[in-house]
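Residues per chain, in single letters:
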Amino acid sequence: MFSYAVFSGITLGGMYALVAMGLTLQYGVSRIMNLAYGELVIVASFVAYILMTTLGINPIVGLLIIIPASFALNWIIYRILLTPLVARAKNRGMLEVDSILATFGLLFIVQGILLVWFGGNYYSYDFMNNAVDVFGAAIAANRLVALGFAVVIGLGFYLVLTRTRIGTALRAVAVDPTSARLVAIDVNFASCFAFALGGAMAAVGGVLVSMFLTFSTSMGVVFTMKALIVVIMGGVGNMLGALVAGLILGVAESLVATYVDPGLTIAITYVIFLLVLLIKPSGLFGRSSS
Amino acid sequence: MQISKRLRIATLTAATTALMSTATLFGANAQETYRIGYAISKTGPGAPGAATSTTPNYEMWVKEINDAGGLKVGDKQIPIEVVEYDDRSSSEEAVRAIERLINQDKVDFILSPWGTGINLAVAPILDRAGYAHIAGTAVTDKAPQLAKRWTNSYWLLGTGEQYAVELAEFLKGLKDDGKINDKVAMIAVADGFGIELSKAGREALEDRDFELVYDKTYPLGSQDLATIVNEIKSLGVDTFVAFSYPPGTLGLTEQSRILKFNPKVFYAGVGTAFPLYKNRFGDDAQGVISLGGASENDPKIADYIERHVAFAGREPDRWASIVNWASLQSLQQAIERAGSTEREAVNAELAKGGFDTILGTYKPGDQNFWQVGQWQDGKFVGIAPTSMEGAQDLVFPKPDWNGAQ
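Note that the structure is predicted; figures quoted are calculated from it, not measured.

Rules and cut-offs
Here the residue index of a chain counts from 1 through its sequence in written order. To read the labels, note that chains go from A and ligands from 1, taken in the order they are written. Two thresholds apply to this predicted model, a pLDDT of at least 70 for residue-level local features and 80 or more for giving and counting side-chain atom pairs, whereas whole-chain, interface and lining totals are computed over all residues. Heavy atoms throughout the structure, all of them, feed into the side-chain values; hydrogens and water do not. Confidence of the predictor in every single residue is expressed as pLDDT, which spans 0 to 100. In this description a helix means any DSSP run of H or I spanning at least four residues, a strand means any run of E spanning at least two, and both kinds are numbered starting from the N terminus. Here a residue-residue contact requires only that any non-hydrogen atoms of the pair lie within 4.5 Å. By definition, no residue in a patch forms a salt bridge, and every one has over 30% relative accessible area; like charges are joined within 9 Å, nonpolar side chains (Val, Leu, Ile, Met, Phe, Trp, Tyr) within 5 Å. For the accessible areas, the method is Shrake-Rupley and the probe is 1.4 Å, while residue cover comes only from the protein chains on display. The salt bridge criterion pairs a side-chain nitrogen of Lys or Arg with a carboxyl oxygen of Asp or Glu, the two atoms within 4 Å. All tallies of charge rest on Lys and Arg as positive and Asp and Glu as negative; His and the ends of each chain are not included. A charged residue contributes its charge at one atom only: NZ of Lys, CZ of Arg, CG of Asp or CD of Glu. The rule is simple: take the accessible area with a 1.4 Å probe, protein chains only, and divide by the maximum for that residue type; under 20% is buried, over 50% is exposed, in between is partly exposed. Residue ranges assigned to each domain were obtained from an automatic or database domain assignment. The term buried area means the drop in 1.4 Å probe accessible area that two parts suffer when joined, counted for both and summed. Think of it this way: the bend at a residue is just the angle between two axes, each fitted to seven residues, one set ending at that residue and the other starting at it. To get an axis, a line is fitted to the C-alpha atoms, and for a helix only the part in contact is used. The angle between two axes follows their N-to-C directions and goes from 0 to 180 degrees. By definition, turning the near helix anticlockwise from the far helix through less than a right angle yields a left-handed crossing, and turning it clockwise yields a right-handed one. For two strands to be treated as a pair, DSSP must find no fewer than two bridges joining them.

1. Topic: the confidence of the model for chain B
All names here are of chain B.
- Per-residue pLDDT for chain B averages 90, and the proportion of residues at 70 or more is 92%.
- Least confident of the elements in chain B is helix α1 (residues 2-30), whose mean pLDDT is 50; most confident is strand β5 (residues 109-111), at 97.
- In this model residues 18-29 is a low-confidence stretch, pLDDT under 50, and it forms one contact with partners more than four residues away in sequence or in other chains.
- With a pTM of 0.87, the predicted complex shows an ipTM of 0.88.

Structure follows, in structure tokens:
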């Protein structure tokens, strides 16, 4: 029982982390508090659904199309919608407020388009739902795949951000965009790149999540909320933080559901979130701002 | 200069508005159309339910009537005109929209919104304004009292208790035959529907000497219920009952399949009677039990399903959709029988009942539909009340899951 609770918690947490990592990049580096983030996750779910049900392309293969497409889409969103805001913002606070308002509008545009195309119905499809035995616990293969992606993306990007030149540039922009300019970092490019990359990660999350969750056009906000909690808990802009925070929440939910009461899973999420905020306001891996 | 320009614009706007409102007034007076209004959840958490059970039926009803030239009122044919609002799944928004339909749009008839909570919220307003309220998607134990308090209200899906009692009675039959043990695991979503049905279910099952070895709720919106299924699997129950919303219903089914938890009786719903369920699980839907059911051999029902597919591109659900369609047929006949579009006359005819619908002779609010149904060979057939004509035998025990491909 215990091992099952832990393993299913880890897969659940992997899903949370997966969905949150794009947002931590967008919020951390580009300083865009993207309220339409969940809608873009859902868009990818629908694209995966269409590819799977009409063209018979399996979602994992579909990623080859979806990742570049969503990267491009988010690049365009940043260039057209957000660049003017970045240009006129006098400071970070102003950019955050402006981007919240702008992406709030974007949320309704994306949701509206989805509603026109897909209606309000629930969608779900069957892919890789076979059970895999993990140390005696039967876990759905698609959830393991999602967990795998979360770990690879989380660790991979942690390494990229800490060990490579471009990663260092991105971190520099995250810490101080003004000073970053002084050492010849193209801040606009870096922000745009981080935003688009975050959007591509959101799309990966959407595709993988659609394999095991029932989704509908109005579900985006659920993902935005969950992602926001994970991002803030893990430390804004920190990939490893998002991964760890997601896993903690997943395992906690799973243990509470098993040993206390499934009715308290949401409560435990917020209790942990509160505790982290009280003890370490900048998040588990966050750097306290001066 | 500035002021006069503004003044000009203001005058122009006022004039246009005045003109437009007279136009509406003329339209209403001439009674060239029968104006139907509704507020429905197009967005928000209620949207998927509304898009499954309610909206396609409303739209199909209007289209079929208008294609035939309109409602036959006396010796005239009056087409239907629709005023539609999105209530964004919020009661407050729905109340505002309904008030607008009454006071500003002055529609002739208002069709019900989706969901128990919102229907309860708008019921007093409709009653006060003298509109009939055919609540198509509300399950509440107060239904009989409400129908008495607001005489023009009809609560189509009845009470949570009736579904729970019918299920418990059916399970008791199986237990008395020695087919299942007395252990039941029950899980419910912690929201209106789940709370009411699990409360009624708990009483009904315990009255019939069942032991509830698992009885818990899970939070609204949660689809990750693997740990629950895993725990229930170890309890040795023959009967699993879930009063869940569609995403949870699908999640529970999927997890049961993955964990090979295959009790003799597997009951889950709302959502099982949705075409989505069959599409998702294919042959594994076989034997799963839920609320609702359809007499699919009945030519009227079969014809309705066929028309729904042609119109909406998908099948209707086998519970609320069918009852809602019967109520829409009733409304059409009430207007035509009244021979008038006067609200009181239509309301009076509605109250008389005796309409010819896909549920046979019907009056909105009648509970003459299936309370318990089961997927059998790709059809969601009615199995209880067993006294109803066309009740199918239960597929028992539930066959093994084939597993995902």
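2. Topic: a negative patch on the surface
All names here are of chain B.
- A cluster of acidic side chains, namely Glu161, Asp182, Glu203, Glu206, Asp207, Asp209 and Glu211, defines a negative patch on the protein surface.
- At three residues, the largest contribution of residues to the negative patch is made by helix α8 (residues 192-207).
- Take Asp209: it is sitting in the loop between α8 and β9 (211-218).

3. Comments concerning the pattern of salt bridges
- Applying the stated rule across the entire model yields 26 salt bridges over all chains.
- The partner of Asp67 of chain B in a salt bridge is Lys63 of chain B, with the nearest N and O atoms 2.9 Å apart. Of this pair, Asp67 of chain B and Lys63 of chain B both sit in helix α3 (residues 55-67), four residues apart, roughly one helical turn.
- A relative accessible area of 56% places Asp67 of chain B in the exposed class.
- Residues joined in a network through salt bridges with shared partners are Asp126 of chain A together with Glu254, Arg257, Arg280 and Asp284 of chain B.

4. Description of the domain arrangement of chain B
Residues and elements named next belong to chain B.
- Its domain assignment divides chain B into domain 1 (2-159 + 299-362) and domain 2 (160-297 + 369-384).
- Distance from the C-alpha centre of domain 1 to the C-alpha centre of domain 2: 32 Å.
- The interface of domain 1 with domain 2 comprises 21 residues on the first partner and 21 residues on the second.
- Summed over both sides, the interface between domain 1 and domain 2 buries roughly 1,700 Å², with carbon and sulfur atoms accounting for 58% of that surface.

5. A closer look at helix α1 (residues 2-28) of chain A
- At Ala20 of chain A, α1 of chain A shows its strongest bend, of approximately 35°.
- With 23 of its 27 residues buried, α1 of chain A lies for the most part within the structure.

6. A word on the interface of chain A and chain B
- Counting residues at the interface gives 37 residues for chain A and 36 residues for chain B.
- Taking both sides of the interface into account, the surface hidden between chain A and chain B amounts to around 2,900 Å²; carbon and sulfur atoms contribute 55%.
- Among the residues chain A hides against chain B, the three largest losses belong to Tyr4, Tyr122 and Asp126 of chain A. Together they make up 22% of the total.
- Scanning the region where chain A abuts chain B turns up three salt bridges.
- Put simply, the parts of the chain that give the side of chain A that touches chain B at least two residues each are α1, α4 (92-118), β2 (137-140), α10 (239-259) and α11 (265-279) of chain A.

7. With respect to unusual backbone geometry
Residue and element names in this part refer to chain B.
- In this structure, Pro385 follows Ala384 across a cis peptide bond, with omega equal to 5°.
- Along the chain, the position of Pro385 falls in the segment after β16 (379-384).
- The linkage connecting Phe396 with the following residue, Pro397, adopts the cis geometry, with an omega of -15°.
- For Pro397, the location among the structural elements is in the segment after β16.

8. Details of the packing of helix α7 (residues 160-176) of chain B against α8 of chain B
Residue and element names in this part refer to chain B.
- In contact at an axis separation of 8 Å, α7 and α8 are set at 35° when each is read in the N-to-C sense. Considering the relative orientation of α7 and α8, their crossing is right-handed. Side by side, α7 and α8 meet where Gly160, Glu161, Tyr163, Ala164, Val165, Ala168 and Leu171 of the first sit next to Glu196, Leu197, Ala200, Gly201, Ala204 and Leu205 of the second.

9. Description of the sheet that holds strand β4 (residues 80-86) of chain B
All names here are of chain B.
- Here we have three strands laid out as an open sheet, ordered β4-β1-β5, and parallel in their pairing. Where the open sheet ends on each side, the last strands, each with one partner, are β4 and β5. Mean inter-strand twist for the sheet, computed between neighbouring axes without regard to direction, equals 25°.
- Contacting β1 (34-40), β4 and β5, α3 runs over the sheet at an angle of about 160° to β4.

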